[in-house]
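Residues per chain, in single letters:
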Amino acid sequence: MSSAISATRFSVLDRSRVRAGHDGPGALRDTVRFAQQAEALGYHRFWVSEHHSVPGVAGSAPTVLAAAVAAATSTIRVGTGGVMLPNHQPLVVAEQFGVLESLFPGRIDMGLGRSVGFTDGIRRALGHGKKDAEEFATRVAELLGYFSGEQSAHPHVHARPAEGLHIPAFVLATGAGAQVAAAAGLPLVIAAVRGEDEMLRAVDGYRDAFRPSAWGEQPYVVLSGTVAVAATTEQARRILLPEAWSTAYSRTHGEFPPLVPAQTIPGLRMTGRERALFEEAQRGQLHGTEDEVADGLEKLLDRSGADEFLVTTSTYDRTALLDSYRRLARIAASR
């Protein structure tokens, strides 16, 4: 009898995290090299993200970075996780993905999110704000219409060379946002941001409300989350520490800092709130030895019925990071 793991695709989302003592350009080059390694390990997709004015994240132009990744690889699917549609005009996004698909046919994915800039200043600089996020469903429909040639928001306007191309589109969502994917007939990418139970309820709601479309005949669920695998449980836990600390810092200081080495974190002074946020950031993440992670993944995939798992792990130690992804690939191949 096949396991849930063997029936599931595994993919990678890399956020081009900046490390203390290193710079943003180096982080982008690390992303391209990592894509080549992920391809060699057999991962299905490699996606990049969009962040603006964030000290700890270098990836600000995902379609540009996706082009570099696609040029450096040959078989792995490449895309965005995602382009934040409230920050852009749908016509421009359609044109960018039309160019990507024309250059790398059959390998491009279009992951779309509804997040806006992290602060008021960033939103003003982008010229888009929270109101644009409220129009996400409308913007998704307009964007897809540029590919089909059926958009009506701007008569006689055509996206070249996107029109007529079919690029797989995904909606990145949490909670109620899953309904946008269901109504549009698109695959759903979802993480347990508000806890696993709420994520699973959103997945059930998505499946119940899904309406088949030219973009998808049936629901397709991609779970997104952190997975850390190492020789021991403690070594796997240490992989999680830099990102957990960065998350706690962001919630108390308003910005994501570069990642610091795991061994320096126990010596950092934390307020009570920082300590609580740091510990909270480590919960709900799969980590451990190969057997422990395989067991946890099997249970999660059984409960969710997910079609794919998008791994989002980041850490300071890139040797440990690659080893974790290598071990995870081994789990996926051996089940």
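Up top is the structure.
Residues numbered from 1 in each chain as written. Predicted model: local features only at pLDDT ≥ 70, side-chain atom pairs only at ≥ 80, totals over all residues. Heavy atoms only, no water.

Here we come to the overall build of the chain. Looking only at helices and strands, the chain features twelve helices and eleven strands. By the compact-globule yardstick of 20 Å for 335 residues, the chain fits well, its C-alpha radius of gyration being 19 Å. Seen through its C-alpha atoms, the chain measures out along the principal axes to roughly 60 × 55 × 40 Å. Within the chain, the proportion of its 335 residues that are buried is 53%. Put simply, of all contacts in the chain between residues at least 6 apart along the chain, 73% involve residues at least 24 apart. Summed over its atoms, the accessible surface of the chain is roughly 14900 Å², and 51% of this surface lies on carbon and sulfur atoms. For the chain, the distance from the average position of its 34 positive side-chain charges to the average position of its 37 negative side-chain charges is 4 Å. (Helix = DSSP H or I, 4+ residues; strand = E, 2+ residues; numbered from the N terminus. Rg over C-alpha atoms; globule rule 2.2 N^0.38 Å. Buried < 20%, exposed > 50% of the residue type's maximum accessible area, 1.4 Å probe, protein only. Contact = heavy atoms within 4.5 Å. Areas by Shrake-Rupley, 256 points an atom, 1.4 Å probe, with all protein chains shown as cover. Lys, Arg positive; Asp, Glu negative; His and termini not counted. Charge placed at Lys NZ, Arg CZ, Asp CG, Glu CD.)

Here we take up helix α2 (residues 62-72). By the burial criterion, the buried members of α2 are P62, T63, L65, A66, V69 and A70. Buried residues of α2 fall within an arc of 155° about the axis and therefore sit on the same side. Opposite the buried face of α2, by more than 90 degrees, sit the exposed residues V64 and A71. Packed against the buried residues of α2 are α1 (24-41), β2 (45-48), β3 (77-80), β4 (83-84) and α3 (90-103). (Arc of directions from axis to C-beta.)

Glancing now at the environment of E142. The topology assignment puts E142 in helix α6 (residues 136-148). For the pair E142 and V99, spaced 43 residues apart in the sequence, the C-alpha separation amounts to 18 Å. Aside from chain neighbours lying at most four places away, what touches E142 is P90, Q151, A153 and H154. Of the polar contacts made by the side chain of E142, one reaches the side chain of Y146; its length is 3.1 Å. (Polar contact = N/O pair within 3.5 Å; in protein donor to acceptor, adjacent residues only side chain to side chain.)

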